[in-house]
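# Survey of secondary and tertiary structure
Listed below are the residues making up each chain.
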Amino acid sequence: MSKCNNSDVNTLRITQKQEEKIKYLVEKMTLKEKIGQMNQVSMSIVGGFDVPFEELIEMVTDGRISQEEFNEVMSKAQKDYHEQDIKEGLVGSMMVDSPEKANELQHIAVEESRLGIPLMFGLDVIHGYRSVYPIALAEACAFDEEMFEQTARIAAKESRTQGISWHFAPMLDISRDARWGRVSEGPGEDPYLASVFGKAKVRGLQNDHSSVENYVAACLKHFVAYGACESGRDYNTTSMSDSLLRNVYLPPFKAAVEEGAATVMTSFNDLNGMPCTVNAYTIREILKSEYGFKGLTVSDANAIRECITHGIAEDELDAAIQGVQAGLDIDMGTAIYVNQLEQAVKMHQVSLEAIDEAVTRILRVKMWLGLFDEPYVKEEAMHRYDTLPKEHLDLVRRAGEKSIVLLKNEEKLLPLKPQTRISLVGALANMPEEVVGAWAMQWRKEDCVSIREGLQNANADYRYFMCGGPNQDINDEEIKAAGEYGDVIVAVVGELVSMSGEAASRADITLPGRQREMLEKLLATNKPVIALLMNGRPLALDWEKENLSTIVECWHLGIQMGNAVANILFGKAVPEGKLSVTIPRAVGQCPIYYNHPNTGRPGGKSKYSSKYLDVDFTPAFPFGYGLSYTTFAYENFKAKETDQSVVLEVTVKNTGDTAGYETVQFYMQDITASIVRPVKELKGFKKVYLLPKQSKSVQFELLKRDMGFYNNRKQYCCENGRFHFYAGTNSSECLEKELNIVFKEGIQDGSI
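Our subject in this report is the structure included herewith. Note that the structure is a prediction, hence the values are computed from the model and not measured. (Residues numbered from 1 in each chain as written. Predicted model: local features only at pLDDT ≥ 70, side-chain atom pairs only at ≥ 80, totals over all residues. Heavy atoms only, no water.)

Turning next to the overall build of the protein. The number of helices and strands found in the protein is 22 helices and 27 strands. Scaling as 2.2 N^0.38, a compact globule of 752 residues should have a C-alpha radius of gyration of about 27 Å, and the protein matches this with 26 Å. Along the three orthogonal principal directions, the C-alpha set of the protein runs to about 75 × 65 × 45 Å. Burial statistics for the protein: of 752 residues in total, 63% are counted as buried. Pairs at least 24 apart in sequence give 77% of the contacts found in the protein among residues at least 6 apart. Carbon and sulfur atoms form 46% of the exposed surface of the protein, whose accessible area is close to 27,900 Å². The centroid of the 82 positive side-chain charges in the protein is displaced by 5 Å from the centroid of its 106 negative side-chain charges. (Helix = DSSP H or I, 4+ residues; strand = E, 2+ residues; numbered from the N terminus. Rg over C-alpha atoms; globule rule 2.2 N^0.38 Å. Buried < 20%, exposed > 50% of the residue type's maximum accessible area, 1.4 Å probe, protein only. Contact = heavy atoms within 4.5 Å. Areas by Shrake-Rupley, 256 points an atom, 1.4 Å probe, with all protein chains shown as cover. Lys, Arg positive; Asp, Glu negative; His and termini not counted. Charge placed at Lys NZ, Arg CZ, Asp CG, Glu CD.)

Next up, the structure:
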C-alpha cells in the first residue's frame, strides 16, 4: 500500500449549504447539547432482566441465553428508551432495531428537542441483516470483490427500511491466530485481501445514493491491531513495532478510509501499553492527520469505562478527558461523556475546540446520511422485506457456494452422482439455527436452510442419523445404521455458533466434543466418508488431513447454507473458494500465517531450524489453498519491468474435464531490505473461468509504489534490489521469477 496522500481521500460529500447549516447548529448549541451528540445509548431494561441491553444482546449472541429466552425477557421487561434525555438533546445516537420505535424516538428528537437534530440509529450488521450471508472469514475465501460489494448492498437496503442507518461493519482486523474467536468476523490474515474486502464493503454499504433507503454509514473496526491480541485471548494486550503495525494491521483501514468510510470504531485492546480507546497516536496522528479521515470515531461498547480497569485512567472524569484529547468522538454506552465532559471543559482539561470538532464530525455524517431531510422510516418500507426477495436469497446462496473451500477429494467422491445413497450424519446437519454464524442477530429461523433441508431440496436419496455432535454424545447404534445404509457417509462436524465470535477464544481448536471419535467410528464402517466442516474459525486438522480422503470447509454460510452445500455436493456449483487464512495442524502452531518474516534458520528437515519437534513445520492447508472439480496447470510465467510497474503474466490451463473458476494469485518477496521482509506477500489476484482444456493468459500489473514498506521510523520506502515474483494457485505452489529493481526518485519514498 502506498503512502497516503490526504488530497486523494474520498471525504463525506455534502454541499456548502449543508456545511453552513452544521456550523450554524454548532454555534447555537449549548455545551450540554454538544456533549449530547457525543453520547450513544441503548435501550435500558428495567425489571425482568437486570443487565444492560448491550450485554443482553451479547448473551443471546454467544449462546448464554437462547433466542426464545431473549424474546421472553423482552416481552416482560419494562423498557427505558431515554425519551426525556432525547428531548433535552442529551442523546446523539442509539441502538434500536424496530422501525416503529425508531420513528417514535426520532419524532422526539426532531419535533420536541430545541434544535431538532435527528438521531442516528446503529447496529451490528456484520454479515447481513435478514439475508444473513457467509461470515466474513468465509466470504473472503471467494476472492470476489464484486460479490463483497453486492452482499453489503443488500444488507444496507434491508436495514435502512428498519431505521438503521449505521452499520458497525466491516470488521477489518488482520487475524493470524485461530484461537481468537473473532477471527470469524474478519477477512483473514492477509493485508491485501483484507484491503480489497474493506473497500468493496464500504462501496456496497455507502455508494448507492439513488435513495436514502439504499445506503448506510460503514464503521471500520476495530482500530487497531485487535486481531493481534496476545495468545489469541479476546480483549488481551497487543505489542508490536511500528513497522509491523503499518505494514500488516493498518493497511485495510487505510484503504477503506481512502474509499470513503464514514466512521471508525476503536478497539478494546491496548497497543504497546495505550488502550486504543484513548490512543492519540492511532486516532489523531494516524487516522485523522495522516489518513485525512473526515468522519466520526466511536468507542466500542463500554470501552471508555474500561480504561479505568486497564489502569490508564484514574476515574470516569480522567477517562472522558483522555478520550476527547485522543480524538474519540462518541462514547458508546457508558454515559461518561455526558456525565463528565462539562466539568472537564470547566476545568480547562478539554477545550471547546475539541468538543466542536467532534460534534461537527458527527453532524456531517448525519447530514450525509440524509437524516435532516428524511429522518423517518416510511410506512411502506417497514415491511418491504418481511418476505425476502428471490434475488436476495439467490445472492446469499451464490455467496455460500463461492465461499466453500474444497480441501481434499483424493478418491474423487465429489461431486456425488444424483443416484448416490447418502447417510447424512452429525447433529449440526439438522440445526438450522447454527448456519448463521456469530454476530448475526436479525435472522428468522424459518429463513434458515440446514444441510439436511438442503439435501431434501436437492431431491437427494438420503437418510439422516444424528450419531453425535459438538456437545452430543456418540450413538453407536446410529453409526452402525449409517454405515449399513449409505453408499457414502456425509458427516457434518464443526462448531456451534457460540464457539466462535466475540468472547469465544479457545485454547483447544480441534473438533470439539467427541466428533473426531465419531469420525473414527464412521471410517471403521468401511464406507467412504465425506467430512463437511461447519465452523467459525480455522480448526486444527492434522488428524483429519491424514485420515480423511474428502474434506470440505463449509464455514458458517448464512441462511442459504443447506442449498449452497447441496449444490456443491452434487456439482450444480463447482468449488472455487481459496482459504483466506492458514489452517494449522495443531494449536501449538498458532499464530501461523503464510506471510511471515524469514528467520536465519527457516523451518526444514534439520533439527536446528525454526520448527516444533512434534509436528510438521508446514500448515495443514496454506493461505490461498482450494481445490476444484477440475485441475489447473500454470506455465510460461513472465515478469517484465516498466517505468512505473512490474507486469506479471502467466498462462493457466484447465487440464480437467469440467469447467471451473481459478483464482490466480500473484505474490512478491523483497529479498534483501533494511528490515526483514515477509517470505511472500500477496499483491494481486485475478479470477478466471476456464472451459475444459482451455488456456488463458492472465496478467497483473504491480505498481512499483506498492512494492515498498514502512520502516521503524514511520517512513514508507521502496528500496532497490532483487525481488522474487510469484504466480500460483496458492501461497505454497507458485512459479517464480527474479528481477533486479531500481526505483526512480519519488517512488522510493512513496511521494508518488
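Take the pattern of salt bridges next. A full pass over the atoms with the stated rule returns 50 salt bridges. In this structure, the salt-bridge partner of Lys-390 is Asp-394, at a minimum N-O distance of 2.6 Å. Here Lys-390 and its partner Asp-394 are both found in helix H17 (residues 390–403), 4 residues apart, which amounts to about one turn of the helix. Note that Glu-433 and Lys-445 form a salt bridge whose closest N and O atoms lie 3.9 Å from each other. Highlighted residues: Glu-433 in the loop between strand E14 (421–425) and helix H18 (451–457) and Lys-445 in the loop between E14 and H18, separated in sequence by 12 residues. Residue Lys-445 is classed as partly exposed on the basis of its relative accessible area, which comes to 47%. (Salt bridge = Lys/Arg side-chain N within 4 Å of Asp/Glu carboxyl O.)

A few words on the packing of aromatic side chains. Summed over the entire model, instances satisfying the criterion amount to 19 aromatic pairs. Ring centres of Phe-621 and Tyr-625 lie 5.4 Å apart, and the angle between their planes is 40 degrees; on these two criteria the pair is classed as tilted. The pair Phe-621 / Tyr-625 is uniform in exposure class, with both members buried. Of the aromatic side chains, those joined through ring pairs into one cluster are Phe-143, Tyr-192, Tyr-594, Phe-623, Tyr-667 and Phe-685. A cation sits over an aromatic face here: Arg-246 above Tyr-710, 5.5 Å from the ring centre. Positioned above the aromatic ring of Phe-621 is the side chain of Lys-545, whose terminal nitrogen or guanidinium carbon lies 5.1 Å from the ring centre. (Phe/Tyr/Trp six-rings, centres within 6.5 Å; stacked < 30°, edge-to-face > 60°. Lys NZ or Arg CZ within 6 Å of the ring centre and 35° of its normal.)

Running from N to C, helix H8 (residues 145–160) and H17 point in directions that differ by 145 degrees, and their axes come no closer than 11 Å. Here the hand of the crossing between H8 and H17 comes out left-handed. Taking contact as the criterion, the partners of Met-147, Gln-150, Thr-151, Ile-154 and Glu-158 in H8 are, on H17, His-392, Leu-395, Val-396, Arg-398, Ala-399, Lys-402 and Ser-403. Among the residues making up the contact of H8 with H17, the classes are represented as 5 nonpolar, 4 polar and 3 charged. (Axes fitted to C-alpha atoms, helices over the stretch in contact; angles between N-to-C directions. Left-handed = near helix turned anticlockwise from the far one by under 90°. Nonpolar A, V, L, I, M, F, W, Y, C, P; charged D, E, K, R; others polar.)

On to H17, then. Helix length check: H17 (14 residues) gives 20 Å between terminal C-alpha atoms against 20 Å at 1.5 Å per residue, within 8%. Of the residues making up H17, those classed as buried are His-392, Asp-394, Leu-395, Val-396, Ala-399, Gly-400, Glu-401, Lys-402 and Ser-403. Buried-residue contacts for H17 involve helix H7 (136–139), H8, strand E13 (405–409), strand E18 (550–553) and helix H22 (561–569). (Expected span 1.5 Å × (residues − 1).)

This part takes up a nonpolar patch on the surface. A surface patch of nonpolar side chains, about 280 Å² in accessible area, is lined by Tyr-661, Tyr-689 and Leu-691. When you line up the elements, Leu-691 lands in the loop between strand E22 (681–690) and strand E23 (695–703). (Patch = residues over 30% accessible without salt bridge, like charges linked within 9 Å, V, L, I, M, F, W, Y side chains within 5 Å.)

Bringing the packing of helix H10 (residues 242–249) against helix H11 (residues 251–258) into the picture now. In the contact formed by H10 and H11, the axes pass within 5 Å of each other and the chain directions differ by 50 degrees. One way to sum up the angle between H10 and H11 is to call them oblique. Along the contact surface, H10 presents Leu-245, Arg-246, Asn-247, Val-248 and Tyr-249, while H11 presents Pro-251, Pro-252 and Phe-253. (Parallel < 35°, antiparallel > 145°, perpendicular 65-115°, else oblique.)

Hydrogen bonds between backbone atoms are what pair the strands of a sheet, whose relative direction is either parallel or antiparallel. Spatially, the 6 strands line up as an open sheet ordered E13-E18-E17-E16-E14-E15, and their pairing is mixed. A single partner strand is all that each edge strand has here, and the edge strands are E13 and strand E15 (461–465). Between one strand axis and the next, the sheet turns through 20 degrees on average, direction left out of account. Note that strand E17 (residues 529–534) and E18 share 4 bridges and pair parallel. (Pairing = 2+ DSSP bridges.)

It is worth spelling out the nonpolar core at this point. Within the largest apolar cluster, 147 residues are counted, with the highest numbers of intra-cluster contacts made by Leu-407, Leu-532 and Trp-555. With 7 residues, the top contributor of residues to this core is helix H9 (residues 191–206). If we skip the residues at most four places from it in the chain, Leu-407 touches Leu-533, Leu-541, Ile-551, Glu-553, Leu-579, Ile-583, Phe-621, Tyr-625 and Leu-627. By size, the runner-up hydrophobic cluster in this structure holds 52 residues, among which are Ile-35, Met-38, Val-278 and Met-367. (Core = buried A, V, L, I, M, F, W, Y, C linked by side-chain atoms within 4.5 Å.)

Moving on, we get to helix H19 (residues 476–485). Where H19 is concerned, the buried positions are Ile-479, Ala-482, Gly-483 and Tyr-485. Two or three places before Glu-477, at the opening of H19, Asn-475 has a side-chain oxygen 3.1 Å from that residue's backbone nitrogen. (Polar contact = N/O pair within 3.5 Å; in protein donor to acceptor, adjacent residues only side chain to side chain.)

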